[in-house]
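The chain contents come next:
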Amino acid sequence: MNKKIIRIIPKLDIKNGLLIKGINLDGLRILGNPYNFSEHYYKAGADEIFYIDSVASLYGTNNLSKFVTKTSKNLFVPLSVGGGVRTIAQIENFLKSGADKVSVNSAAINNINFIKEASRIFGSSTITCIIEAIKVDGKYFLTRENGRDVIKINPKDWAKKLEDKGAGEIFLTSINNEGTGQGFDIKLSREISESVNIPVIAHGGAGSFEHIYKVINNTQISGVSVAGFFHYDICSNFKFKKPRIGNTFFLENLKKTKSKNLLLKLKNFLSKKGVKVRK
Amino acid sequence: MKQKKIGIINLKINNIHSIYEACTAAGFKVNLIDDKQTKYNYDIVILPGIGSYKLAMKKIIEINFKDKILDFLEKKNNLLVGICLGMQLFFTKSNEFGDTKGLNLIKGKVDRINRNLIVPHTGWNKIINLKKNRLLENKLNKKMFYFTHSYFCAPENEKAIVGRTNYFNLNFCSVVKQDNIFGMQFHPEKSGETGIQLLKNFKRY
């Protein structure tokens, strides 16, 4: 049984200033304005907010800072930011813009000593390492550039290396399960969370409260990150100003779901099951 | 009631946005203190912090913080507040990267959390054994605050410990108070509305 106080972390994927959501980190849909979503999550009791610019890494661009500044103004829970971070100066820039943590994936794969340097300068608790794991023929591998690039390294070995180099946390995504709503990869989450002594956040596959409870109860994770499962609920229940550009067909045709404020309900559900959460 | 003035020490090594915004939201007049200020004309001075003890101490010595803060503390209505690393810097020494001397405003040392535990201690936790204190109304002991740290403070004088926190089998000092010096290991500026409420309590000091 996992006795930790579990953090529930909404993940917001941002592209060109819009909140998007993909399936298996591909096939993107526009959901709306990220400010509305993060404000809602903050008020609903999110323990932390995770921002990522999914395409920043691929194109080497970085427009996230201004969103960070605007969002962090009224957000009094930790804000983690990532996407295309390759230099110490970029980390410093994000922190000065109002981020509390900065997450790194590709840059660590390209040069693991980047993590050592970053954690020495900014402190371990500021540096989150993203592991985007893919399962191919029953074996797990790392990926970078949002799952496009498979690296023949075992995620468990990699997690230990990141810990050694001073990473403060691991944000673990299952590429296979991400965006499917079919549940988490329990085996992967267990292996990684049991092999390191830094917090591990599980992400990818949340589609029900039971899914979330299951990954908490069967692993040693410190938190769960949820994207689409929360976002779709908000899209269908709250009247936000619709984004004017891009493919909004999905949004316009989204069926109304029954529940409102899933985050709060999730915490009540977990609490009843004996999971420690902040309320 | 006159609006109280808070000055935030800017060591330029970390994110001070959050604490600035949170103090503003709590209703204070907030200023960032730059290195050139020779006198701290505030009701409350906050030493925030995330980052390395050694680097922070180097900056603190560079800006001649200790002399200025001792002068500030002479006035008993003034309050010095340390957050996270800021609290740790009040102590005699830390064993981060070998022994590093601190400000020695509060006797005691700063130790690393046992490596067998999940370190850093990142996440929400409660304050227990909370002593009655104007700054921490008792209803706050039911709430959780956000922590993120790998080191913890061990004051020599038990009386300085206002609140403690349990993390696995570790029971550490999470709130310290000695005269008009107040320190907390958690981040009120990242602890949601509970943290804002705590900051509001500072108005009554």
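Here, residues in each chain are numbered from 1, in the same order as that chain's written sequence. The lettering of chains begins at A and the numbering of ligands begins at 1, in the order of writing. Under the rules for a predicted model, residues below a pLDDT of 70 receive no local features and side-chain atom pairs below 80 are neither given nor counted, while totals for whole chains, interfaces and linings still include all residues.

Brief notes about the overall build of chain A
At step 1: By the criteria applied, helices consist of DSSP H or I runs no shorter than four residues and strands consist of E runs no shorter than two, each listed in order from the N terminus. Each helix and strand counted, chain A has 12 helices and 13 strands in total.
At step 2: Neighbour density around each residue's C-beta defines its exposure: 20 or more other C-beta atoms within 10 Å make it buried, 12 or fewer make it exposed, and counts between make it partly exposed, where C-beta atoms are placed from the backbone. Every one of the 279 residues in chain A was classed for burial, and the buried ones make up 53%.
At step 3: This entry defines residue contacts through backbone-placed C-beta atoms, with two residues in contact when those atoms are within 7 Å. Across chain A, every contact between residues at least 6 apart in sequence was considered, and the portion connecting residues at least 24 apart equals 67%.

Quick look at the overall build of chain B
At step 1: Across its full length, chain B carries 5 helices and 13 strands.
At step 2: Only C-alpha atoms enter the radius of gyration; for comparison, a globular chain is expected to reach 2.2 Å times N to the power 0.38, where N is the number of residues. In summary, chain B has a C-alpha radius of gyration of 16 Å against a globular reference of 17 Å for 205 residues, a match within 12%.
At step 3: Taken over 205 residues, chain B has a buried fraction of 51%.
At step 4: Long-range pairs, those at least 24 residues apart, make up 68% of the contacts in chain B between residues at least 6 apart in sequence.

Focus on the environment of Arg-120 of chain A
Residue and element names in this part refer to chain A.
At step 1: Within the secondary structure layout, Arg-120 lies in helix H6 (residues 113-122).
At step 2: Under the C-beta neighbour-count criterion, Arg-120 is labelled partly exposed, with 15 such atoms within 10 Å.
At step 3: For the pair Arg-120 and Leu-162, spaced 42 residues apart in sequence, the C-alpha to C-alpha distance is 13 Å.

Topic: the interface of chain B and chain A
At step 1: In this assembly, 29 residues from chain B lie in contact with 25 residues from chain A.
At step 2: Secondary structure elements with two or more residues in the side of chain B that touches chain A: helix H1 (17-25), strand E8 (121-126), strand E9 (144-149) and helix H5 (192-201) of chain B.
At step 3: By residue class, the composition of the side of chain B that touches chain A is 9 nonpolar, 16 polar and 4 charged. In this classification, Asp, Glu, Lys and Arg are treated as charged, Ala, Val, Leu, Ile, Met, Phe, Trp, Tyr, Cys and Pro as nonpolar, and every other residue, Gly included, as polar.

Some points on the packing of H1 of chain B against H5 of chain B
Residues and elements named next belong to chain B.
At step 1: As a packed pair, H1 and H5 sit with axes 9 Å apart at the nearest point and diverge in direction by 65°. Between H1 and H5, the angle falls in the class roughly perpendicular. Every pair of crossing elements has a handedness; the one defined by H1 and H5 is right-handed. Within the contact between the two elements, H1 uses Ala-22, Cys-23 and Ala-25 and H5 uses Gly-195, Ile-196 and Leu-199.
At step 2: Considering only residue class, the contact of H1 with H5 consists of 5 nonpolar, 1 polar and no charged. All axes are obtained by fitting lines to C-alpha atoms, using only the stretch in contact for helices, and the reported angles, taken between N-to-C directions, cover 0 to 180 degrees. If an angle is under 35 degrees, it is roughly parallel; if it is over 145, roughly antiparallel; if it lies from 65 to 115, roughly perpendicular; otherwise it is oblique. Here is the rule for handedness: rotate from the far helix to the near one, and if that takes an anticlockwise turn smaller than a right angle the crossing is left-handed, while a clockwise turn gives right-handed.

Observations concerning the pairing of strand E7 (residues 106-112) of chain B
Residue and element names in this part refer to chain B.
At step 1: Being paired, for any two strands, means DSSP has found at least two bridges between them. In this sheet, E7 lies alongside strand E5 (residues 91-94) in parallel orientation, the contact comprising 3 bridges. Its bridge partner being in E7, Ser-94 is matched across the sheet by Val-110.
At step 2: With 5 bridges joining them, E7 and strand E10 (residues 151-155) adopt antiparallel strand pairing. Its bridge partner being in E10, Gly-108 is matched across the sheet by Pro-155.

Here's the deal with the environment of Leu-262 of chain A
Residue and element names in this part refer to chain A.
At step 1: Structurally, Leu-262 can be placed in helix H12 (residues 262-272).
At step 2: Exposure remark for Leu-262: the 22 C-beta atoms within 10 Å place this residue in the buried category.
At step 3: Separated by 53 residues in the primary sequence, Leu-262 and Phe-209 place their C-alpha atoms 9.1 Å from one another.
At step 4: Those residues in contact with Leu-262 that sit more than four places away from it in its chain are Phe-230 and Asp-233.

Looking at unusual backbone geometry
All names here are of chain B.
At step 1: That bond from Val-119 to Pro-120 is cis: its omega, 0°, falls within 30 degrees of zero.
At step 2: By the element assignment, Pro-120 lies in the loop between E7 and E8.
At step 3: One non-glycine residue with positive phi stands out, namely Cys-84, at about 55°.
At step 4: Of note, Phe-168 is a non-glycine position whose phi angle comes to about 50°, a positive value.
At step 5: Within the secondary structure, Phe-168 is located in the loop between strand E11 (161-167) and strand E12 (170-178).
At step 6: According to the C-beta neighbour criterion, Phe-168 is partly exposed, with 13 such atoms within 10 Å.

Observations regarding the confidence of the model for chain B
Regions with low pLDDT should not have their predicted coordinates read in detail.
At step 1: What pLDDT conveys is the predictor's confidence in a given residue, as a value from 0 to 100. Per-residue confidence for chain B gives a mean pLDDT of 92; residues scoring 70 or more make up 99%.
At step 2: Both scores are given for the predicted complex: the pTM is 0.93, the ipTM 0.92.

Things to note about the nonpolar core
At step 1: Ranked by size, the top nonpolar core spans 147 residues in total, and within it Tyr-51, Cys-129, Ile-170 and Val-224 of chain A together with Ile-46 of chain B carry the most contacts.
At step 2: Per element, the largest residue contribution to this core is 6 residues, and it comes from strand E7 (residues 127-136) of chain A.
At step 3: Once residues lying within four places of it in the same chain are set aside, the contact partners of Ile-170 of chain A are Cys-129, Ile-131, Ala-159, Leu-162, Ile-192, Val-196, Ile-198 and Val-200 of chain A. Here a nonpolar core is just a set of buried residues of the types Ala, Val, Leu, Ile, Met, Phe, Trp, Tyr and Cys, joined wherever their C-beta atoms sit within 7 Å.

Some details on the pairing of E12 of chain B
Consecutive side chains along a regular strand alternate between the two faces of the sheet.
Residue and element names in this part refer to chain B.
At step 1: In this structure, E11 lies alongside E12, joined through 6 bridges in antiparallel fashion. Residue pairing across strands places Gly-163 opposite Val-175, the latter belonging to E12.
At step 2: Adjacent in sequence and paired antiparallel, E11 and E12 are bridged by 2 residues, among which Phe-168 carries a positive phi angle near 50°.
At step 3: Here E12 runs beside strand E13 (residues 181-184); their pairing, made up of 4 bridges, is antiparallel. Its bridge partner lying in E13, Gln-178 is registered against Ile-181.
At step 4: The hairpin turn running from E12 into E13, its antiparallel successor, is 2 residues long, and Asp-179 in that turn takes a positive phi close to 50°.

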